[in-house]
Amino acid sequence: MRATPYRKPAMRAHVYERDLPKVVVVHEHRFVAPGLQEVLAGRAHVVGDTAYGAAALQLTGMLTPSVVVAGELLGDGAIDYFLPDMVRAGTRVLLLMDELPGERVIGLVGRGLSGACSTGNALVEVADAVLDVAGGGVVLPPTLVAGIVTQWRSGWRGGQERPDAKLTLREMEVLNAMADGLSTKAAARLLGVAVKTVENHKTRVFAKLGLHSQAQLVSERARGR
Amino acid sequence: MLVVQERLRFYRESMTACLRRQLDGIEVGPGASSAAELVEMAGRNPLTHGVIEADAVPWDVPALVATLHRHHPGLQLIGLFTSTRPVSCDGVVLVPRNAAPEQIAQLIQPGSDRPAPFVLTATTNSDRGPLTAQQLRVLALLSLGFNGADVATRLGLSERGVTKSKTAIFAKLGAQSQAQAVANALAAGLLGPSSPPLNESDPLP
């Protein structure tokens, strides 16, 4: 263990009782895991605790928890980067967020998230959500459920591009240049077109794909989307 | 009596539950969500210890501390902070919000033999390259498509603070734009699962 005070060790595995659902906590705050353990006592066991997404993936592989309770920002990036691997490993993930922006949560649910809970909720409410998700349920605030149903009715498929996301060949070229992190100017030089043209393409492509910034495009591309 | 002041209920109750478990002979009261609630509680109870938020709160922390000390001169206060610039004032011991409950309990009740409730720990290659934890948070949010103003709200920073953070990130990663910074960070393994793996782990007992 490092001697540095207040630095959360990479991960901890706890002694656990058999036959109780196993919970792994990945959160930057160290009181989250013991706090949850206090109220879950006898109903579930917190078997692992870490502040890092990479360590959470290791714990998930080692301990096969029923549910990973995750914070949004981890010691090595946002939960978004680790969610796909956790889901692939067969673990359900419950996200704890200070706020629950609808579009963002719904996007994450499309990528395999099993639930989201606000940190404005009571400890016992969060504990109940942990048990629900551990038992195979999906826990979402009612307001978001309405949004998801609306989207589902209109033919939305989580994790896929929007129906209007047909890109022209030129737009695709611009998209690829942007995904490499090139500036508009550099992309224009690369493609042999005017800067203004690239800007126009960029605006249209971002609108079609529902992107907010080029930084987002770069990270989404790196995550294989 | 000890009271935890924290606006978010889940954090408030988790912290309260942890401290109740850790502390011996100190009553841990129900938490307070705001400065007003804390002051009200202090008026009715023999408060000896308080754990308060010391950054990004909509009230004046030094004024709160002064009021509490007027009620209870010997009151010991611990201020928790996330940002790089917590409100520091006399009579408050500042502790990062990611401190372990045992560490906070140790400050309140020094010397007692407090076994950590865990059986296995492992260390990581926690050197996240050139970026500070806060800079990494800013970059992670930017990479999810949040703009500067969103990042500021979420991390309890000023927009100027985010801009300054961005400038530092760009310099450290040799980037000229947000997108380039994200691309470089991903390539260096600073964001996401490609980051350096754990370098050491103890076997299960």
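Residues numbered from 1 in each chain as written. Chains lettered and ligands numbered in written order. Predicted model: local features only at pLDDT ≥ 70, side-chain atom pairs only at ≥ 80, totals over all residues.

On to the overall build of chain B, then. Within chain B, the secondary structure is distributed over 8 helices and 5 strands. Taken from N to C terminus, the helices and strands of chain B fall in the order β-α-α-β-α-β-β-α-β-α-α-α-α. A burial count over chain B gives 42% of its 205 residues as buried. Within chain B, residue pairs in contact and separated by at least 24 positions form 63% of the contacts whose partners lie at least 6 positions apart. (Helix = DSSP H or I, 4+ residues; strand = E, 2+ residues; numbered from the N terminus. Buried ≥ 20, exposed ≤ 12 C-beta atoms within 10 Å, placed from the backbone. Contact = placed C-beta atoms within 7 Å.)

The next point concerns the environment of Gly161 of chain B. In this structure, Gly161 of chain B sits in helix 7 (residues 159–173). Gly161 of chain B sits in the partly exposed class, given 19 other C-beta atoms within 10 Å.

Bringing the nonpolar core into the picture now. Core analysis: the largest hydrophobic core is formed by 118 residues, its most contacted members being Val23 and Val130 of chain A together with Leu139 of chain B. By residue number, the principal contributor to this core is helix 5 (residues 123–134) of chain A, which donates 7 residues. For Leu139 of chain B, the contacting residues outside a window of four places in its chain are Leu131, Ile169, Ala181, Val182, Ala185 and Leu191 of chain B. (Core = buried A, V, L, I, M, F, W, Y, C linked by C-beta atoms within 7 Å.)

A word on helix 4 (residues 101–108) of chain B. An α-helical turn contains 3.6 residues, so a residue and the one three or four places further along point in the same direction. Burial in helix 4 of chain B covers these residues: Pro101, Ile104 and Ala105 of chain B. With its buried residues spanning 100 degrees around the axis, helix 4 of chain B presents them on a single face. Where the residues of helix 4 of chain B are buried, they touch helix 1 (32–40) of chain A together with helix 1 (9–22), strand 2 (49–53), strand 3 (76–81) and strand 4 (92–96) of chain B. (Arc of directions from axis to C-beta.)

To continue, consider the environment of Gly42 of chain A. All names here are of chain A. Position of Gly42 among the secondary structure elements: in the loop between helix 1 and strand 3 (45–50). Since 8 C-beta atoms lie within 10 Å of it, Gly42 is described here as exposed. Between the C-alpha atom of Gly42 and that of Leu20, which follows or precedes it by 22 residues, the distance is 7.7 Å.

Annotation of chain A at the domain level lists domain 1 (11–153) and domain 2 (169–222). For domain 1 of chain A versus domain 2 of chain A, the distance between C-alpha centres works out to 34 Å. (Domains from an automatic or database assignment.)

Attention now moves to helix 7 (residues 169–179) of chain A. All names here are of chain A. All buried positions along helix 7 are accounted for by Val174, Leu175, Ala177 and Met178. The buried residues of helix 7 occupy an angular sector of 165 degrees when the element is viewed end-on, so they sit on one face. Of the exposed residues in helix 7, the ones pointing more than 90 degrees away from its buried face are Leu169 and Met172. Packed against the buried residues of helix 7 are helix 8 (184–191), helix 9 (195–209) and helix 10 (214–222). Gly181 occupies a position one or two residues after helix 7 and carries a positive phi of about 90 degrees.

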